[in-house]
Amino acid sequence: MNATKYLTTPLAAVTLGAALALSAVAPAAVAAPAAVPGALHAAPQGVTDEVVLTNDSNGQTVRVAVGDRIDVRLTGSTAGEAALAWTEPTAGDSAVLQRTAGGTAPDGSAWAAFTAQGGGSGQITAERRCVPTPGVVCSHVVVRWKVTVVVG
């Protein structure tokens, strides 16, 4: 399985921890930590793990807990003069997987973030198509990318 799990750490804890560690070594060289916006003080409530899905995750089933974050990062490519571009990943059931962000890039890449909302099973899908440049003819083949996410 190519899904990778990461333990998230609140940014404020890292910043404060680094400041405390440095103050023990060189107290005169460390200023008080700057104010951190409220949204960065802690990870979203209930988020404990992050699963990263990529092009290679196609066809897999991953298991997550309620509150976990699923990040999809699909990389576009070029085939001769044409680009192979992904659509933004979407989830079929927002009661199971709530999409919180997403987008596409000029190079054909696409990304999205989801939070596991409730128990059950849902699918995240995207499609890759040929995007021609002037003078290039594309095939009408559409490649579907799909991962099943089991929350529970």
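Rules and cut-offs
- Residues numbered from 1 in each chain as written.
- Predicted model: local features only at pLDDT ≥ 70, side-chain atom pairs only at ≥ 80, totals over all residues.
- Heavy atoms only, no water.
- Disulfide = S-S within 2.5 Å.
- Buried < 20%, exposed > 50% of the residue type's maximum accessible area, 1.4 Å probe, protein only.
- Salt bridge = Lys/Arg side-chain N within 4 Å of Asp/Glu carboxyl O.
- Helix = DSSP H or I, 4+ residues; strand = E, 2+ residues; numbered from the N terminus.
- Contact = heavy atoms within 4.5 Å.

Caption draft 1: Local environment of the state of the cysteines. Overall, the coordinates contain one disulfide when judged by the stated rule. Put simply, Cys130 and Cys138 are joined by a disulfide, and their sulfur atoms are 1.8 Å apart. Between Cys130 and Cys138 the sulfur-sulfur dihedral comes to about -50°; the bridge is accordingly left-handed. Take Cys130: its relative accessible area is 22%, and that puts it in the partly exposed class. Residue Cys138 is classed as buried on the basis of its relative accessible area, which comes to 16%.

Caption draft 2: Seen up close, the pattern of salt bridges. Per the counting criterion, the structure on display carries six salt bridges. A salt bridge links Asp71 to Arg73; its shortest N-O distance comes to 3.6 Å. Accessibility expressed as a relative area gives 6% for Asp71, which makes it buried. Salt bridges linked by common partners bring Glu50, Arg69, Asp71 and Arg73 together as one network.

Caption draft 3: Up close: the side chain of Thr115. Position of Thr115 among the secondary structure elements: in strand β9 (residues 110-116). In this structure Thr115 touches Gly67, Asp68, Val96, Leu97, Gln98 and Thr100, once residues within four positions along its chain are discounted.

Worth remembering: the numbers are spatial, not functional.
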